[in-house]
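The primary structure of each chain is shown beneath.
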Amino acid sequence: MHRRALALAIFTAFLFASAVALPPRRTHYDEPSIDSEGFYEPSESPRPQPEAVPPDPLVLARQLACEPLVTRSFVQAWKATLNGTRGHGLAETGFAIEKYKSSISIQGWIGAAVNDLLIPTDDYTVAIAHVHGRGADERPADIDVRSRVPNFVISQNALYVTVPGTSRVERIRGGVDESDGWNRPCSTGLAIATR
Ligand SMILES: [Zn+2]
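Residues numbered from 1 in each chain as written. Predicted model: local features only at pLDDT ≥ 70, side-chain atom pairs only at ≥ 80, totals over all residues.

Trainee: How should I be thinking about the overall build of the protein chain in this particular structure?
Mentor: Scanning the protein chain for helices and strands turns up 7 helices and 6 strands. Reading the helices (α) and strands (β) of the protein chain from amino to carboxyl end gives α-α-α-α-α-β-β-β-α-β-β-β-α. Counting only residues that meet the buried cut, the protein chain has 22% of its 195 residues in that class. Once local pairs closer than 6 in sequence are excluded, the contacts in the protein chain between residues at least 24 apart make up 49%. (Helix = DSSP H or I, 4+ residues; strand = E, 2+ residues; numbered from the N terminus. Buried ≥ 20, exposed ≤ 12 C-beta atoms within 10 Å, placed from the backbone. Contact = placed C-beta atoms within 7 Å.)

Trainee: So what exactly am I meant to see when it comes to the environment of H132 here?
Mentor: Mapped onto the secondary structure, H132 falls in the loop between β3 (125-131) and α6 (142-145). Distance from H132 to N83, taken between C-alpha atoms, is 10.0 Å for residues 49 residues apart in sequence. Apart from residues lying up to four places away in sequence, H132 is in contact with D137, E138, V153 and S155.

Trainee: Quick question: what am I supposed to make of the nonpolar core here?
Mentor: Most often, soluble globular proteins have nonpolar side chains that are buried together. If you look at the biggest cluster of nonpolar residues, it comprises 22 residues, and the most contacted ones within it are A77, A127, A129, F152, I154 and L159. Elements supplying a minimum of two residues to this core: α3 (57-66), α4 (68-80), β1 (92-100), β3, β4 (151-154) and β5 (158-162). Discounting chain neighbours no more than four positions away, the residues touching A129 are F74, A77, G94, F95, I97, F152 and I154. (Core = buried A, V, L, I, M, F, W, Y, C linked by C-beta atoms within 7 Å.)

Trainee: What should I look at first to understand unusual backbone geometry in this one?
Mentor: Peptide bonds are, in most cases, trans, and in most cases residues other than glycine have a negative phi. Within the chain, N83 stands out as a residue other than glycine whose phi angle is a positive 55 degrees. Its location among the elements puts N83 in the loop between α4 and α5 (86-89). Unusually for a residue other than glycine, K101 sits at a positive phi of about 55 degrees. Turning to its location among the elements, K101 is positioned in the loop between β1 and β2 (103-112). Owing to 6 C-beta atoms within 10 Å, K101 belongs among the exposed residues under this scheme.

Trainee: How should the sheet that holds β1 be read in this particular structure?
Mentor: Pairing between sheet strands relies on hydrogen bonds along the backbone, with the strands arranged either parallel or antiparallel. Reading across from one edge, β2-β1-β3-β4-β5-β6 is the order of the 6 strands in this open sheet, with mixed pairing throughout. This sheet does not close on itself; its edge strands, each paired only once, are β2 and β6 (169-174). Geometrically, the sheet is characterised by an average inter-axis angle of 20 degrees between neighbouring strands, direction not taken into account. For β1 and β2, the ladder comprises 8 bridges, and the chain directions are antiparallel. (Pairing = 2+ DSSP bridges. Axes fitted to C-alpha atoms, helices over the stretch in contact; angles between N-to-C directions.)

Trainee: Would you take a moment to explain α3 for this structure?
Mentor: Three- or four-residue spacings in an α-helix give side chains the same orientation, since the helix completes a turn every 3.6 residues. Taken residue by residue, α3 has A61, L64 and A65 as its buried positions. Down the axis of α3, the sector holding all buried residues measures 100 degrees, keeping them to one side. Exposed side chains of α3 directed beyond 90 degrees from the buried face belong to V59 and Q63. Where the residues of α3 are buried, they touch α4, β1, β3, β4, β5 and β6. (Arc of directions from axis to C-beta.)

Just distances and angles here, no functional claims.
See the structure below:
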């Protein structure tokens, strides 16, 4: 009887000891180690999913231009140049569009008497925008195209945007008097669906 009780006690102690021994082993797995790094070697394991297609920069630019805050800021910038007439139509006003997490804000409002504008940017700047008045070429200038972020150019007859890293310039919305003018809210997918 005694021997059996002793054996049971030893067995229980063994179970207890192995249960206690388990948690440190588990935390070892959770921590990055030389062993676990091997799991992330692309050559070791095939990628579970095909590489994501990079989003079309023009689709992203259009989405940004359709943000109500951004559309309102285009209008504000245009008004600041007296609808493109200030300084014999050469004055510029511009701003930076910043994104932190999912919220968008407008920063760095700046104006210039002639078309010579340097908009301050930082790590959160996702795009910049400025006016080309009625006395200037409405299309983005060479210096505008060199921007490291999409550069919106607001004018009487169009909204252009540059594609960073390329010489591409696209007209993404119409002028102030058009139904798809940059100064109007964008029609949403929902609105089209319910029409
Ligand atoms: Zn410009």
